[in-house]
Amino acid sequence: NAGVTQTPKFRILKIGQSMTLQCTQDMNHNYMYWYRQDPGMGLKLIYYSVGAGITDKGEVPNGYNVSRSTTEDFPLRLELAAPSQTSVYFCASSYGGTGVDTQYFGPGTRLTVL
Amino acid sequence: GNSVTQMEGPVTLSEEAFLTINCTYTATGYPSLFWYVQYPGEGLQLLLKATKADDKGSNKGFEATYRKETTSFHLEKGSVQVSDSAVYFCALSAYPNNAGNMLTFGGGTRLMVKP
């Protein structure tokens, strides 16, 4: 049981380039999330999904796009990368969307934009 | 808005010392409270949680009690081990007042335990 997996682990981008961060979960969870973690700060929600075909914005969605074509996959797309997007990105999933549901996190992708 | 404040680190302790990491929160309604732990090179893992006032969450020797009157959820462990070295995050879910069950996190506290 792999849980939540993310690829790549590390990536360096040049300003203006684009890339897709991959996230897959094998727990048949309905909810999936993308967070970013800046140095010394807590995680902030970028986008979330409550099921296949349904996505919505979180706290900091600007500069990102997502899609959810299957239950398992929730890729995050960066268009026109900027230095402000240098961060560690975490994907998470949970079975439900209530306050008692545990979110399970992937190992993260460390992205540097130069 | 919702916010979580936790003590800044790093916290450096000797093995078998007592640990306290302070966490206070501001939230609408009656949030659920969580402690997550991040070991080096890994993602966040749920350590413990409490979903209503006066609940005590516990796991692996760690404990935290949901104190509504002081809006706190301090993490404690009686005797730390080197293997407890990690970054600890306090978080809340202000469900149903948060979009998509978003977690609001504190900034994290790095714990280093020396043999």
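Overview of the structure. Note that the coordinates shown come from a computational prediction; the quantities given were computed from them, not determined experimentally.

About the thresholds
Residues numbered from 1 in each chain as written. Chains lettered and ligands numbered in written order. Predicted model: local features only at pLDDT ≥ 70, side-chain atom pairs only at ≥ 80, totals over all residues. Heavy atoms only, no water. Contact = heavy atoms within 4.5 Å. Buried area = accessible area lost by both parts, 1.4 Å probe. Salt bridge = Lys/Arg side-chain N within 4 Å of Asp/Glu carboxyl O. Polar contact = N/O pair within 3.5 Å; in protein donor to acceptor, adjacent residues only side chain to side chain. Disulfide = S-S within 2.5 Å. Helix = DSSP H or I, 4+ residues; strand = E, 2+ residues; numbered from the N terminus. Buried < 20%, exposed > 50% of the residue type's maximum accessible area, 1.4 Å probe, protein only.

To continue, consider the interface of chain B and chain A. Contacts between the two partners involve 21 residues from chain B, matched on the other side by 23 residues from chain A. Here chain B packs against chain A, burying approximately 1,700 Å² in sum over the two surfaces, 58% of which is carbon and sulfur. Considering only the side of chain B, the residues that lose the most area to chain A are Leu44, Asn101 and Met102 of chain B, jointly responsible for 27% of the buried surface there. Where chain B meets chain A, there are zero salt bridges. In this structure, the connection of chain B to chain A is made through four residue pairs in polar contact (both at pLDDT 80 or more).

Now for the state of the cysteines. When the sulfur atoms of two cysteines share a covalent bond, that bond is a disulfide. Enumeration according to the criterion identifies two disulfides over all chains in this entry. Shown here is the disulfide that connects Cys23 of chain A with Cys91 of chain A, its sulfur atoms set 1.8 Å apart. Its S-S torsion of about -70 degrees marks the bond between Cys23 of chain A and Cys91 of chain A as left-handed, since a negative value means left-handed. Of this pair, Cys23 of chain A sits in strand β3 (residues 19-25) while Cys91 of chain A sits in strand β9 (residues 87-94), and the two are 68 residues apart along the sequence. Given a relative accessible area of 1%, Cys23 of chain A falls into the buried group. Each sulfur of the disulfide joining Cys23 of chain B and Cys90 of chain B lies 1.9 Å from the other. What sets the handedness of the Cys23 of chain B and Cys90 of chain B disulfide is the S-S torsion sign, and at about -70 degrees it is left-handed. Of this pair, Cys23 of chain B sits in strand β4 (residues 23-26) while Cys90 of chain B is found in strand β10 (residues 86-93), placing the two residues 67 residues apart along the sequence. Across the pair, Cys90 of chain B and Cys23 of chain B agree in class, each one buried.

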